[in-house]
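Chain residues, written in single-letter form:
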Amino acid sequence: MTQDELKRAVACAAIDYVVDDEIIGVGTGSTANFFIDELAKIKHRIKGAVASSEATAARLRSHGIAVFDLNEVDYMSVYIDGADEITYQGAMIKGGGAALTREKIVASVAEYFICIADGSKLVQTLGSFPLPVEVIPMAEAVVTRKLATLGGEPRLRVKEGKAVLTDNGNIIIDVVGLTISHPAEMERQINDIVGVVTVGLFAQRAANICLLGTPEGVKTLRFE
């Protein structure tokens, strides 16, 4: 199976976790896009969705799915999103699509975080994927210096010669070469750096369930 086929398989499996007549949280990225396409087939069953990025909101609306502002929503049963890496304990690195802050905010409201990923994303230890950190632009230099003390190499994320900006108007610094043995501790440590909006470690609010796409079928990992 191709990677896209594995992503499509977990997206289909995630539909079983959608709660009828409710608003659900929807993530950002290629796997989340497959899920949105599947969600469109049952859109009559839900009230709508909260999007974790402008791109996700646009894709939801293109399918005729109502998009709610999170400020209008008190409760969500599920948040469904992909991951760049996930451990056997449910801790994740997210932010390859530069939506880490909004993803973390939406996930914080949901009772359950359902991670959908292909098997290549499952790792023993986080860090092979560069760790994204969303940063206030004026703090780029000071945050870069402090991130360098963690043992990795901080790099400003650039595309076509320009700094990548998040939907919040901030920059992304990717930290390459880390071995993250204690993700919850590192999450707190980086979030405490003045000028950091948030780090793409989802360990304090880890996944509850991971639907993992493998050539043998979708495997369900539970972390509760």
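Only a predicted model underlies this, so the values are computations on that prediction, with no experimental measurement involved.

Caption draft 1: View of the sheet that holds strand β5 (residues 92-93). With mixed pairing, the four strands of this open sheet are ordered in space as β7-β4-β5-β14. Of all the strands in the sheet, just β7 (122-123) and β14 (201-202) have a single pairing partner and so form its edges. Where β5 meets β14, two bridges bridge the pair, whose relative direction is antiparallel. In the strand pairing of β14, methionine 92 is matched with phenylalanine 202.

Caption draft 2: Seen up close, the side chain of lysine 94. Position of lysine 94 relative to the elements: it lies in the loop between β5 and α4 (100-109). Polar side-chain contacts of lysine 94 include one of 3.4 Å to the side chain of glutamate 103. If sequence neighbours within four positions are ignored, lysine 94 has contacts with Asp81, Gly82, Ala83, Asp84, Leu100, Glu103, Phe113, Pro132, Gly200 and Phe202.

Caption draft 3: A look at the packing of helix α2 (residues 30-39) against helix α3 (residues 54-62). Axis separation between α2 and α3 bottoms out at 9 Å; the angle between their running directions is 25°. Regarding the angle of α2 to α3, the classification is roughly parallel. With respect to the hand of their crossing, α2 and α3 are arranged in right-handed fashion. Along the contact surface, α2 presents Asn33, Ile36, Asp37 and Leu39, while α3 presents Thr56, Arg59 and Leu60. Per-class residue counts for the contact of α2 with α3 are three nonpolar, two polar and two charged.

Caption draft 4: Structural context of the environment of aspartate 118. Tracing the sequence through the fold places aspartate 118 in strand β6 (residues 110-118). Spatially, the C-alpha atom of aspartate 118 lies 16 Å from that of isoleucine 36, the residues being 82 residues apart in sequence. If sequence neighbours within four positions are ignored, aspartate 118 has contacts with Gln3, Leu6, Lys7, Leu212 and Gly213. Among the polar contacts listed, one links the side chain of aspartate 118 to the side chain of serine 120, at a separation of 2.3 Å.

What counts, and at which threshold
Residues numbered from 1 in each chain as written. Predicted model: local features only at pLDDT ≥ 70, side-chain atom pairs only at ≥ 80, totals over all residues. Heavy atoms only, no water. Pairing = 2+ DSSP bridges. Helix = DSSP H or I, 4+ residues; strand = E, 2+ residues; numbered from the N terminus. Polar contact = N/O pair within 3.5 Å; in protein donor to acceptor, adjacent residues only side chain to side chain. Contact = heavy atoms within 4.5 Å. Axes fitted to C-alpha atoms, helices over the stretch in contact; angles between N-to-C directions. Parallel < 35°, antiparallel > 145°, perpendicular 65-115°, else oblique. Left-handed = near helix turned anticlockwise from the far one by under 90°. Nonpolar A, V, L, I, M, F, W, Y, C, P; charged D, E, K, R; others polar.

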